[in-house]
Amino acid sequence: MVPTHIEHIGIAVKDLKSAIDMYEKILGLKCYKIEEVPDQKVRTAFFRLGQTKIELLESTENDGPVARFIEKKGEGIHHLAFAVDNIKMHLEEAKERGIRLIDEQPRKGADCLDIAFIHPHSTGGVLIELCEDKNVR
Ligand code: ZN
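Values in this document were obtained by computation on a predicted structure and should not be read as measured data. (Residues numbered from 1 in each chain as written. Predicted model: local features only at pLDDT ≥ 70, side-chain atom pairs only at ≥ 80, totals over all residues. Heavy atoms only, no water.)

(A) Region of the structure containing the environment of Glu7. Tracing the backbone shows Glu7 in strand β1 (residues 5–13). On the basis of relative accessible area, Glu7 is assigned to the buried category, the value being 4%. Apart from the residues within four sequence positions on either side, Glu7 is in contact with Gln51, Thr52, Lys53, Ala81, Phe82, Ala83, Leu113 and Cys131. At 2.8 Å, the side chain of Glu7 forms a polar contact with the side chain of Lys53. (Helix = DSSP H or I, 4+ residues; strand = E, 2+ residues; numbered from the N terminus. Buried < 20%, exposed > 50% of the residue type's maximum accessible area, 1.4 Å probe, protein only. Contact = heavy atoms within 4.5 Å. Polar contact = N/O pair within 3.5 Å; in protein donor to acceptor, adjacent residues only side chain to side chain.)

Below, the structure written as structure tokens:
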């Protein structure tokens, strides 16, 4: 199974409001959605460019994964998200190939997606997210 496109690029930021302002100024895009994902301890903001989105991530808790990421590496690119048609099948295939997964089962992510993360130990240090779009089109 091959992903269809890059669904979004996740960027860790300290302050969502000023990051939104900055991206609107730089790219002339409008943020179309701000959504909190309690499961991941983040508040997210989305911009759309064709099929691909920019997802800004601000931690809602001091011990959240995004807060820990910024502590270690500073603000910047946090993960790459690939769109797949069947996330469950994709995870099964990855497991069979011995790839280390953070999520063995898909869970609910922001913007109506089913998501799962692959462990950066299996991907050369890049945090990779798989997404299946559950929006009815
Ligand atoms: Zn993401």
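On we go from here.
(B) Layout of empty space enclosed by the protein. All chains considered together, the criterion is met by one cavity of 30 Å³ or more. The volume enclosed by the largest cavity comes to roughly 70 Å³. Taken together, 13 residues line the largest cavity, and the ones lying closest to its centre are Gln40, Glu55, Ala110, Ile115 and Glu129. For the lining of the largest cavity, the elements supplying multiple residues, two or more each, are β3 (42–49), β4 (52–59) and β7 (113–118). In terms of residue class, the lining of the largest cavity is built from six nonpolar, five polar and two charged. (1 Å grid on protein atoms, 1.4 Å probe; cavity = no way out; pocket = protein on both sides within 12 Å on 5 of 7 lines; lining within 4 Å. Points joined across faces, edges and corners; volume = space filled by probe spheres on them. Nonpolar A, V, L, I, M, F, W, Y, C, P; charged D, E, K, R; others polar.)

(C) Structural context of the packing of aromatic side chains. Under the criterion given, the structure shown has two aromatic pairs. Positioned over the ring face of Tyr32 is Arg48, at 4.7 Å from the centre of the ring. (Phe/Tyr/Trp six-rings, centres within 6.5 Å; stacked < 30°, edge-to-face > 60°. Lys NZ or Arg CZ within 6 Å of the ring centre and 35° of its normal.)

(D) Just the pattern of salt bridges, in detail. Under the defined criterion, the tally for this structure stands at 15 salt bridges. Where Lys17 meets Asp21, a salt bridge forms, and the shortest distance between an N and an O atom there is 3.1 Å. Highlighted residues: Lys17 and Asp21, both in helix α1 (residues 16–27), separated by four residues, approximately one helical turn. Taking relative accessible area as the criterion, Asp21 reaches 36% and is therefore assigned partly exposed. With its nearest N and O atoms 2.5 Å apart, the salt bridge here joins Arg43 to Glu58. Taken together, the residues span a long stretch of sequence, with Arg43 in strand β3 and Glu58 in strand β4 at a distance of 15 residues. By relative accessible area, Arg43 is classed as partly exposed at 30%. Of the residues examined, Glu58 reaches a relative accessible area of 11% and is grouped as buried. Through salt bridges with shared partners, a single ionic network connects Glu7, Lys33, Glu35, Lys53 and Asp111. (Salt bridge = Lys/Arg side-chain N within 4 Å of Asp/Glu carboxyl O.)

(E) Inspection of unusual backbone geometry at higher detail. For Lys41, which is not a glycine, the phi torsion comes out positive at approximately 55°. Inspection of the secondary structure puts Lys41 in the loop between β2 (33–37) and β3. Lys41 sits in the partly exposed class, given a relative accessible area of 26%.

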